[in-house]
Number of protein chains: 4
Amino acid sequence: MAEPFRFDARALRQGPVPKPAFRSRREVRFHEIDAAGIVFFARVLDYVHDHYTDFLASVGSPLPEVLAARSWAAPIGHVEVDYFEPLRFGDELTLILAAAHVEGSRVTLAHQVLRHASSRVAAVAQTAHVFVSPEGFRPIPVPPALLARFQALPPAPG
Amino acid sequence: MAEPFRFDARALRQGPVPKPAFRSRREVRFHEIDAAGIVFFARVLDYVHDHYTDFLASVGSPLPEVLAARSWAAPIGHVEVDYFEPLRFGDELTLILAAAHVEGSRVTLAHQVLRHASSRVAAVAQTAHVFVSPEGFRPIPVPPALLARFQALPPAPG
Amino acid sequence: MAEPFRFDARALRQGPVPKPAFRSRREVRFHEIDAAGIVFFARVLDYVHDHYTDFLASVGSPLPEVLAARSWAAPIGHVEVDYFEPLRFGDELTLILAAAHVEGSRVTLAHQVLRHASSRVAAVAQTAHVFVSPEGFRPIPVPPALLARFQALPPAPG
Amino acid sequence: MAEPFRFDARALRQGPVPKPAFRSRREVRFHEIDAAGIVFFARVLDYVHDHYTDFLASVGSPLPEVLAARSWAAPIGHVEVDYFEPLRFGDELTLILAAAHVEGSRVTLAHQVLRHASSRVAAVAQTAHVFVSPEGFRPIPVPPALLARFQALPPAPG
């Protein structure tokens, strides 16, 4: 069994990928801070998943409707995050869905978390989703509208 | 429409109610802290609900089974919390289900959150649940095993 | 010791208070749902606190700066929430800081949580803050800019 | 710059490593579930971090004291998780700190998340910490008591 696909986090750290990567903004909240005074590391994955659901809505597949219609599911099989700079209460962030790597039913997404003011990449996350039928959890092709949008993302750096 | 029932939070602040009130222990976690360096106030309700589910399990009605069997539901209609002392990372807590007030399908529970070391009451929470049928959400009597246990709690102080 | 001030939650349920009440929008997120399939009740207080920090920023007192400058603190002494309708994944919400009741250093805020589509009030929350000096935690007057804005909110219904 | 060290997640999936690996128990909570009805994937990292702080306490370095004394800090530079089976409300879990890989100031920890009933490994997480001085954030040697305990963990499988 081969090693799973991974993006080059250090290349993704160099700077924001150009449009048409999907972007949204958010702010670090009071209750996302930990006892060390910075964003608790796992909350970055909350940010990334919120951004992913915004992306799904932007391509006409809002996740609440997908779940209600039992159209498909895309459970996460692997995630990883590289943290380059701590995030603090009040930091304005830009989230970027930077790249997608499609292999059959498996899609690996690269996410950049930037400080909005400096455009510096504070973290790079990767999430690997497997598209399956909601009943039986059998692998299925990536739905065409999603596939087209994944393929329209800029090529990953590195 | 009458004012809803409320326990006397200041009386509940005076000290832990005696057994057989239901007790459990927990510790304040690293990621429950907010940007002001204390437990985020809403997390106290997470503690209280975890303790409530432990109570349900202790009386033979574990909530995962109740939900799976669609036996009953008890959505929360009202909560309140009085905060007397801040909680900090590493604090050992004692949770006490201190009292229950039953009026038909509506049960109001009083919860004490103590610092274990000092037995001081750091917060008092109240949660009002309405027992309903899972289909139709019509009020139903409190299930007998639960009712008996609620009625066996010590009388509320105050 | 007198009973603390409370707004009339049932009056606040009737509909959104008019402007210039402070408003923001947000959406129910995938990870805010509980095992019963609705928003976990305590998350409503996360929403309310985020909205409060947005309010502070809108009146020139962003909480990150307030904390860094140690200008003042306003710990929460009491909260309560009345839940009228469950919230579900994907629901678009409007948060309204609806009213403020000032008694010396103590400010009680009323918050409405509306479903944006229907303008129905799904929950009403109340948070009581005590303004104190960051050192020593002695009660202090409400900072003038905040006080003016609190007093400019519409009178509470009921 | 070389690829960072990684444990073999598939080898760690085969079964629990033997003692003296550090173990603790916990239960999946009502509010850790997401809109798809399983544990939100990022909460597994909350579990893992709680277990890590329990480990630190067990070796005489409770994190609240470490933070208060400003003895050292060990910010997380990289995490990854492989998810093999979904976790559901009420599942009893065993957390195992399974292995440690030390390279100078950098320690990579392997964590197994098991269903207690079946001893099946539902997830494997890896967290890479860099030990630094709390002032200046310069790399420092791993504190000796911690280093000894890390080195006493069983060799990683695979």
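Residues numbered from 1 in each chain as written. Chains lettered and ligands numbered in written order. Predicted model: local features only at pLDDT ≥ 70, side-chain atom pairs only at ≥ 80, totals over all residues. Heavy atoms only, no water.

Chemist: Outline the overall build of chain A, supporting the account with residue identities and numerical values.
Modeler: A count of helical and extended segments in chain A gives four helices and five strands. Reading chain A from its N end, one meets helices and strands in the order α-β-α-α-β-β-β-β-α. Computed over the C-alpha atoms, the radius of gyration of chain A is 16 Å, within 12% of the 15 Å expected from 2.2 N^0.38 for a compact globule of 158 residues. Along the three orthogonal principal directions, the C-alpha set of chain A runs to about 45 × 35 × 30 Å. When each of the 158 residues of chain A is scored for burial, the buried share is 56%. Residue pairs in contact within chain A that sit at least 24 positions apart in sequence constitute 69% of those at least 6 positions apart. Looking at chain A as shown, the accessible area adds up to about 6400 Å², and 55% of this sits on carbon and sulfur atoms. (Helix = DSSP H or I, 4+ residues; strand = E, 2+ residues; numbered from the N terminus. Rg over C-alpha atoms; globule rule 2.2 N^0.38 Å. Buried < 20%, exposed > 50% of the residue type's maximum accessible area, 1.4 Å probe, protein only. Contact = heavy atoms within 4.5 Å. Areas by Shrake-Rupley, 256 points an atom, 1.4 Å probe, with all protein chains shown as cover.)

Chemist: Hey, could you go over unusual backbone geometry for me, with residue numbers and the actual values?
Modeler: Phi is positive for A:S119, close to 60 degrees, though the residue is something other than glycine. With respect to the helices and strands, the residue A:S119 is situated in the loop between β4 (106–115) and β5 (121–130). With a phi angle near 50 degrees, C:R70 is a residue other than glycine that sits in the positive phi range. Relative to the helices and strands, C:R70 resides in the loop between α3 (63–69) and β2 (76–83). A residue is classified by how much of its surface remains accessible, and C:R70, at 47% relative accessible area, is partly exposed.

Chemist: Would you mind going over the sheet that holds β2(C) in detail, with residue names and values included?
Modeler: As summarised here, the arrangement of the 10 strands in space is β1(B)-β3(B)-β4(B)-β5(B)-β2(B)-β2(C)-β5(C)-β4(C)-β3(C)-β1(C), forming an open sheet in which the pairing is antiparallel. Edge positions in the open sheet fall to β1 (22–27) of chain B together with β1 (22–27) of chain C, since each of these has one partner strand only. Sheet twist, expressed as the average angle between the axes of neighbouring strands with direction ignored, equals 20 degrees. Pairing of strand β2 (residues 76–83) of chain B with β2(C) involves five bridges; the strand directions are antiparallel. (Pairing = 2+ DSSP bridges. Axes fitted to C-alpha atoms, helices over the stretch in contact; angles between N-to-C directions.)

Chemist: How would you summarise the packing of aromatic side chains if you had to cite specific residues and measurements?
Modeler: Summed over all chains, the structure comprises 32 aromatic pairs over all chains. Measuring from centroid to centroid gives 5.7 Å for A:F22 and A:F55, while their planes differ by 70 degrees, and the two rings are edge-to-face. Of the two residues, A:F22 sits in strand β1 (residues 22–27) while A:F55 sits in helix α2 (residues 43–58), which places them 33 residues apart along the sequence. Overall, the relative accessible area of 0% leaves A:F55 in the buried class. An aromatic cluster is present here, built from A:F30, A:F89, B:F40, B:F41 and B:Y83 joined pairwise through their rings. (Phe/Tyr/Trp six-rings, centres within 6.5 Å; stacked < 30°, edge-to-face > 60°.)

Chemist: Tell me about helix α2 (residues 43–58) of chain B, residues and numbers included.
Modeler: Residue and element names in this part refer to chain B. Given a rise of 1.5 Å per residue, 16 residues ought to cover 22 Å, and the 23 Å separating the end C-alpha atoms of α2 matches this to within 8%. Within α2, 13 of the 16 residues are buried, which leaves the element mostly enclosed by the surrounding structure. With its phi angle positive at about 80 degrees, G60 sits one or two positions after the end of α2. (Expected span 1.5 Å × (residues − 1).)

Chemist: Lay out the interface of chain D and chain A with the relevant residues and their values.
Modeler: Across the boundary between the two partners, chain D contributes 24 residues, which contact 24 residues of chain A. In this assembly, chain D packs against chain A so that about 2100 Å² is buried in total across both faces, 59% of it on carbon and sulfur atoms. Connecting chain D to chain A are four salt bridges. Here A:D46 and D:R43 are joined by a salt bridge, their closest N and O atoms 3.2 Å apart. Where chain D packs against chain A, one counts 12 residue pairs in polar contact (both at pLDDT 80 or more). Sorting the residues of the side of chain D that touches chain A by element identifies α2 (43–58) and β2 (76–83) of chain D as the ones contributing at least two each. Top element by residues in the side of chain D that touches chain A is β2(D). It accounts for eight residues. Looking at side-chain class alone, the side of chain D that touches chain A contains 14 nonpolar, three polar and seven charged residues. (Buried area = accessible area lost by both parts, 1.4 Å probe. Salt bridge = Lys/Arg side-chain N within 4 Å of Asp/Glu carboxyl O. Polar contact = N/O pair within 3.5 Å; in protein donor to acceptor, adjacent residues only side chain to side chain. Nonpolar A, V, L, I, M, F, W, Y, C, P; charged D, E, K, R; others polar.)

Chemist: Kindly report on the pattern of salt bridges, identifying the contributing residues and their values.
Modeler: Residues and elements named next belong to chain B. A full pass over the atoms with the stated rule returns 48 salt bridges over all chains. In this structure, E85 and R115 form a salt bridge, with 2.5 Å as the shortest nitrogen-oxygen distance. Linking E85 in the loop between β2 and β3 (92–103) with R115 in strand β4 (residues 106–115), this pair joins segments that are 30 residues apart in sequence. In this structure, E85 and R115 share a single accessibility class: buried.

Chemist: Outline the interface of chain C and chain B, supporting the account with residue identities and numerical values.
Modeler: Each partner contributes residues to the interface: chain C has 24 residues there, and chain B has 24 residues. The junction of chain C with chain B conceals about 2100 Å² of combined surface from both sides, 59% of it contributed by carbon and sulfur atoms. There are four salt bridges connecting chain C and chain B. Remark: the boundary between chain C and chain B carries 12 residue pairs in polar contact (both at pLDDT 80 or more). Elements with a minimum of two residues in the side of chain C that touches chain B: α2 (43–58) and β2 of chain C.

Chemist: Lay out the relation of the copies chain C and chain B in plain terms, naming residues and giving numbers.
Modeler: Once chain C is rotated about the relating axis by 180 degrees and shifted along it by 0.0 Å, it coincides with chain B to within an RMSD of 0.0 Å. With respect to symmetry, the two chain copies, as superposed, fit the operation of a two-fold axis. Distance from the rotation axis, computed per C-alpha, reaches its smallest value in chain C at C:E80: 2.0 Å. Residue by residue, 100% of the interface of chain C is reproduced at the interface of chain B, so both copies engage with the same surface. (Least-squares fit on C-alpha atoms with pLDDT ≥ 70 in both.)

Chemist: Give a description of the side chain of A:R29 that names residues and reports values.
Modeler: Secondary-structure assignment places A:R29 in the loop between β1 and α2. At a separation of 3.4 Å, a polar atom in the side chain of A:R29 contacts the main-chain carbonyl oxygen of C:D50. Sequence-distant contacts of A:R29, that is, excluding residues within four places in its chain, are made with A:F89, C:D50, C:T53 and C:D54.

Chemist: Please give an account of the pairing of strand β4 (residues 106–115) of chain C that cites residues and values.
Modeler: Residues and elements named next belong to chain C. Burial of β4 is extensive: nine of the 10 residues sit out of reach of the surface. When strand β3 (residues 92–103) meets β4, the two strands line up antiparallel, connected through 10 bridges. Opposite L93, over in β4, you have R115 as the bridge partner. Taking the residues between adjacent antiparallel strands as the criterion, β3 and β4 are bridged by two residues, where G104 takes a positive phi near 60 degrees. Linking two consecutive strands that pair antiparallel, namely β4 and strand β5 (residues 121–130), is a turn of five residues; a positive phi of about 60 degrees is found at S119 within it.

Function-wise, these values are silent; they only describe arrangement.
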